[in-house]
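These are the residues of each chain, in order.
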Amino acid sequence: MIIKVVNFETLSRQYVPYQDGITNITNVKKDFIAKLEPFKKELESIINRSQSGEQLDETTQTRFNELQEYAVSVDEDFKSTMRKMNDELSKNIYGELAEIIEVWSQKNNIDMIIGSTEVVFLKDKHDVTEQVLEVSREKELHV
């Protein structure tokens, strides 16, 4: 039985669809930050007025509470969205890389390929990460 090892982290980092996914996640983060910015400024203004000794009226206190609730809501939505996007990206990338690895394994008559994270010791000759990266380069999926 021929067993080889591959480093999925290295494959992922250099895989174009992964990088595209990270860019998309970054853009969504920026959108959330932009969404909060006006409310953040208003919150800071109210806090600064309060800290300077100004007595805040009931309307301002109510507005402050509304802004806090909104910020918490957006934060929860942000965390949920980020978790979902990261999970989806990981699942998709793992599946795509598994297909590439399977095709490469069949061409090279390999019986089993395992991820390197669980390997305690490995001779370099058994690590096939670079060979699999070459396949992604050929398909122009390599960064």
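One structure accompanies this document, and this report is about it. (Residues numbered from 1 in each chain as written. Predicted model: local features only at pLDDT ≥ 70, side-chain atom pairs only at ≥ 80, totals over all residues. Heavy atoms only, no water.)

### Comments concerning the overall build of the chain
Argument step 1. A tally of regular secondary structure across the chain gives four helices and two strands.
Argument step 2. Going from the N terminus to the C terminus, the chain shows its helices and strands as β-α-α-α-β-α.
Argument step 3. Across its three principal directions, the C-alpha atoms of the chain cover 75 × 30 × 20 Å.
Argument step 4. Across the 143 residues of the chain, 24% fall into the buried class.
Argument step 5. As presented, the chain carries roughly 10100 Å² of accessible surface, and 49% of it is formed by carbon and sulfur atoms. (Helix = DSSP H or I, 4+ residues; strand = E, 2+ residues; numbered from the N terminus. Buried < 20%, exposed > 50% of the residue type's maximum accessible area, 1.4 Å probe, protein only. Areas by Shrake-Rupley, 256 points an atom, 1.4 Å probe, with all protein chains shown as cover.)

### Considering the environment of Leu43
Argument step 1. With respect to the helices and strands, Leu43 occurs in helix α2 (residues 16-51).
Argument step 2. What makes Leu43 buried here is its relative accessible area of 14%.
Argument step 3. Among all residues touching Leu43, those that are not within four sequence positions of it are Phe64, Leu67 and Gln68. (Contact = heavy atoms within 4.5 Å.)

### Some thoughts on the packing of aromatic side chains
Argument step 1. Applying the stated criterion to the full structure yields three aromatic pairs.
Argument step 2. Here Phe32 and Phe78 contribute two aromatic rings whose centre-to-centre distance is 5.2 Å and whose plane-to-plane angle is 75 degrees, an arrangement assigned as edge-to-face. Taken as a pair, Phe32 in helix α2 and Phe78 in helix α3 (residues 58-107) lie far apart in primary sequence, 46 residues in all.
Argument step 3. Centre to centre, the rings of Phe39 and Tyr70 are 4.4 Å apart; their planes meet at 45 degrees, and the pair counts as tilted. Here Tyr70 lies in helix α3 and Phe39 lies in helix α2, a separation of 31 residues in the sequence. (Phe/Tyr/Trp six-rings, centres within 6.5 Å; stacked < 30°, edge-to-face > 60°.)

### Here we look at the environment of Lys139
Argument step 1. For Lys139, the location among the structural elements is in the segment after α4 (129-138).
Argument step 2. In sequence terms Lys139 and Ile100 are 39 residues apart; their C-alpha atoms lie 9.9 Å from each other.

### Remarks on unusual backbone geometry
When glycine is set aside, most residues are seen to have a negative phi, and most peptide bonds are trans.
Argument step 1. Here Asn109, not a glycine, exhibits a phi torsion of approximately 55 degrees, which is positive.
Argument step 2. Following the sequence through the fold, Asn109 ends up in the loop between α3 and β2 (112-115).
Argument step 3. Judged by its relative accessible area of 57%, Asn109 is exposed.

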